[in-house]
Amino acid sequence: MFDRLSFPQPWLSWVLFLTWQILSDGVSGGSVVLGLILAWLIPQLTHGFWPERPGFVKPWRMPAYILRVLKDIVVASFSVAWLILSPRSPRPAFISYPLKLEHPLAISILASTISLTPGTVSADISDDNKTLLIHALDATSDQEVIDAIHNSYEKPLMEMFQ
Amino acid sequence: MSLFAEYAISALLLFGGGFTLVGAIGLARLPDFYTRLHGPTKATTVGVGAIMFSSVIYFSSVDQGIDFSEVLITVFLFMTAPVSANMLAKAAMHIGVETVKDTEGGPWHQ
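Being a predicted model, the structure only gives us computed values, none of them experimental.

Cut-offs and rules
- Residues numbered from 1 in each chain as written.
- Chains lettered and ligands numbered in written order.
- Predicted model: local features only at pLDDT ≥ 70, side-chain atom pairs only at ≥ 80, totals over all residues.
- Heavy atoms only, no water.
- Helix = DSSP H or I, 4+ residues; strand = E, 2+ residues; numbered from the N terminus.
- Expected span 1.5 Å × (residues − 1).
- Bend = angle between axes of the 7 residues up to and from the residue.
- Buried < 20%, exposed > 50% of the residue type's maximum accessible area, 1.4 Å probe, protein only.
- Contact = heavy atoms within 4.5 Å.
- Patch = residues over 30% accessible without salt bridge, like charges linked within 9 Å, V, L, I, M, F, W, Y side chains within 5 Å.
- Areas by Shrake-Rupley, 256 points an atom, 1.4 Å probe, with all protein chains shown as cover.
- Salt bridge = Lys/Arg side-chain N within 4 Å of Asp/Glu carboxyl O.
- Buried area = accessible area lost by both parts, 1.4 Å probe.
- Domains from an automatic or database assignment.
- 1 Å grid on protein atoms, 1.4 Å probe; cavity = no way out; pocket = protein on both sides within 12 Å on 5 of 7 lines; lining within 4 Å.
- Points joined across faces, edges and corners; volume = space filled by probe spheres on them.
- Nonpolar A, V, L, I, M, F, W, Y, C, P; charged D, E, K, R; others polar.
- Pairing = 2+ DSSP bridges.
- Axes fitted to C-alpha atoms, helices over the stretch in contact; angles between N-to-C directions.

### Here's the deal with helix α4 (residues 69-94) of chain B
Residues and elements named next belong to chain B.
Consideration 1: Between its terminal C-alpha atoms α4 stretches 38 Å, which fits the 38 Å expected from 26 residues at 1.5 Å a residue.
Consideration 2: The axis of α4 is deflected most strongly, by about 25 degrees, at T80, and proline P82 appears within four residues downstream.
Consideration 3: If you check which residues of α4 are buried, you get E70, L72, T74, F78, A81, P82, A85, A89, A92 and M93.
Consideration 4: Two residues or fewer past α4, G96 is found with a positive phi of approximately 70 degrees.

Below, the structure is given as structure tokens:
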């Protein structure tokens, strides 16, 4: 019976609560009450869609990861903008990226990061969740792209989740 | 509104607008479907980010206090842009869209 009153996913509840406070016009009694109701109701309703609880092992590493991704987005945007405006044609490539991450949430964070950073889009994942297909806009060599992604994104995620 | 805020807002708007323009040029100039995917997804990340910051500065200097609700636009965009890019790429591979000739490697068939 008390299952119904609990917060099955504390992280999701926190995010929903904070999002509601930012969306509403200033923090007030009403927004806190409604935020609490939403933070309780939405995880209860969507419980069935999460096959396993996402296990954040070291969540305090997340802000550093987000800052690094934001920095990379800005830096790489300039190179893509330059490439679009320069007369030479790009050298696109499909790259099979061997995944070392195993947690589904970690893989989807990595795939989203790859898509957000300019120059690479994650196109598909193999059925056994071991290989990610990446389309690179301008790749000099496959190995270079694979090493860059592994060192700057996959390693921090591995430390976070395993 | 202070003079500094006005300059900062103008600079950020120009910067964001410039990046969005480059993204649109990329959509027109790049050779095939897969490379065109890169143009718009990049423009949104930096272009919208800069325009969002200028909006935060504007509303924070006009009203009292700092207003963060615009930041959520960017957060939601960052969450949805990779998903839509992924679905577009998957759909293109499924119906076998041609790639430009000098593409290295190719999509899978699984």
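### Points about the side chain of B:E70
Consideration 1: Take B:E70: it is sitting in helix α4.
Consideration 2: Residue B:E70 is classed as buried on the basis of its relative accessible area of 10%.

### Comments concerning helix α5 (residues 142-161) of chain A
Residues and elements named next belong to chain A.
Consideration 1: Maximal helix bending in α5 amounts to about 40 degrees, located at H150.
Consideration 2: Of all the residues in α5, the buried ones are V145, I146, I149, H150, S152, Y153, E154, P156, L157, M160 and F161.
Consideration 3: Those residues of α5 hidden inside the fold are in contact with α3 (62-85), β1 (93-98), α4 (104-116), β2 (120-125) and β3 (131-136).

### Overview of a nonpolar patch on the surface
All names here are of chain A.
Consideration 1: On the surface, a nonpolar cluster with roughly 440 Å² of combined accessible area is contributed by V33, L34, I37, L41 and L45.
Consideration 2: When you line up the elements, L45 lands in helix α2 (residues 29-45).
Consideration 3: Classification of L45 as exposed rests on a relative accessible area of 62%.

### Focus: the interface of chain A and chain B
Consideration 1: Residue-level contacts link 41 residues of chain A with 37 residues of chain B.
Consideration 2: Approximately 3200 Å² of surface area, both sides summed, lies buried where chain A meets chain B, with 72% of it carried by carbon and sulfur atoms.
Consideration 3: The largest share of the area that chain A buries against chain B comes from A:I84, A:F94 and A:L116, three residues that together contribute 21% of it.
Consideration 4: When the shortest N-O distance is used, the salt bridge between B:K90 and A:D124 registers 3.7 Å.

### Concerning the domain arrangement of chain A
Consideration 1: Under the domain assignment used here, chain A contains domain 1 (2-49) and domain 2 (59-161).
Consideration 2: Of note, the centres of domain 1 of chain A and domain 2 of chain A, computed from C-alpha atoms alone, are 32 Å apart.

### Overview of empty space enclosed by the protein
Consideration 1: Tallied over the entire structure, the rule returns 1 cavity of 30 Å³ or more.
Consideration 2: Size it by volume and the largest cavity reaches roughly 50 Å³.
Consideration 3: Surrounding the largest cavity, 10 residues form its lining, A:I84, B:F19, B:V22, B:G23 and B:K42 being those nearest its centre.
Consideration 4: At 4 residues, the largest contribution of residues to the lining of the largest cavity is made by α3(A).
Consideration 5: Across the lining of the largest cavity, the residue classes break down as 6 nonpolar, 3 polar and 1 charged.

### Focus on the pairing of β2(A)
Successive residues of a regular strand alternate their side chains across the two faces of the sheet.
All names here are of chain A.
Consideration 1: β2 sits mainly inside the fold: 5 of its 6 residues count as buried.
Consideration 2: Direction of pairing for β2 relative to β3: antiparallel, over a ladder of 5 bridges. Looking at β3, one finds that D124 is bridged to L133.
Consideration 3: Hairpin connection between β2 and β3: a loop of 5 residues separates the two successive antiparallel strands, and N129 in this loop has a positive phi of roughly 60 degrees.

### A short note on the sheet that holds β1(A)
Consideration 1: Strand order in this open sheet of 3 strands is β1-β3-β2 (chain A), and the pairing throughout is antiparallel. If you trace the sheet from one side to the other, it starts and ends with β1 and β2 of chain A, each paired once. Between one strand axis and the next, the sheet turns by 30 degrees as a mean value, whatever way the strands run.
Consideration 2: Pairing of β1(A) with β3(A) involves 6 bridges; the strand directions are antiparallel. Opposite A:A93, over in β3(A), you have A:A136 as the bridge partner.
Consideration 3: With respect to the sheet, α4(B) is in contact with β1, β2 and β3 of chain A, its orientation differing from that of β2(A) by roughly 60 degrees.

### A few points about the environment of B:A91
Residues and elements named next belong to chain B.
Consideration 1: By the element assignment, A91 lies in helix α4.
Consideration 2: Assessed through its relative accessible area of 41%, A91 is described here as partly exposed.
Consideration 3: A91 sits 33 residues away from Y58 along the chain, and the two C-alpha atoms are 40 Å apart.

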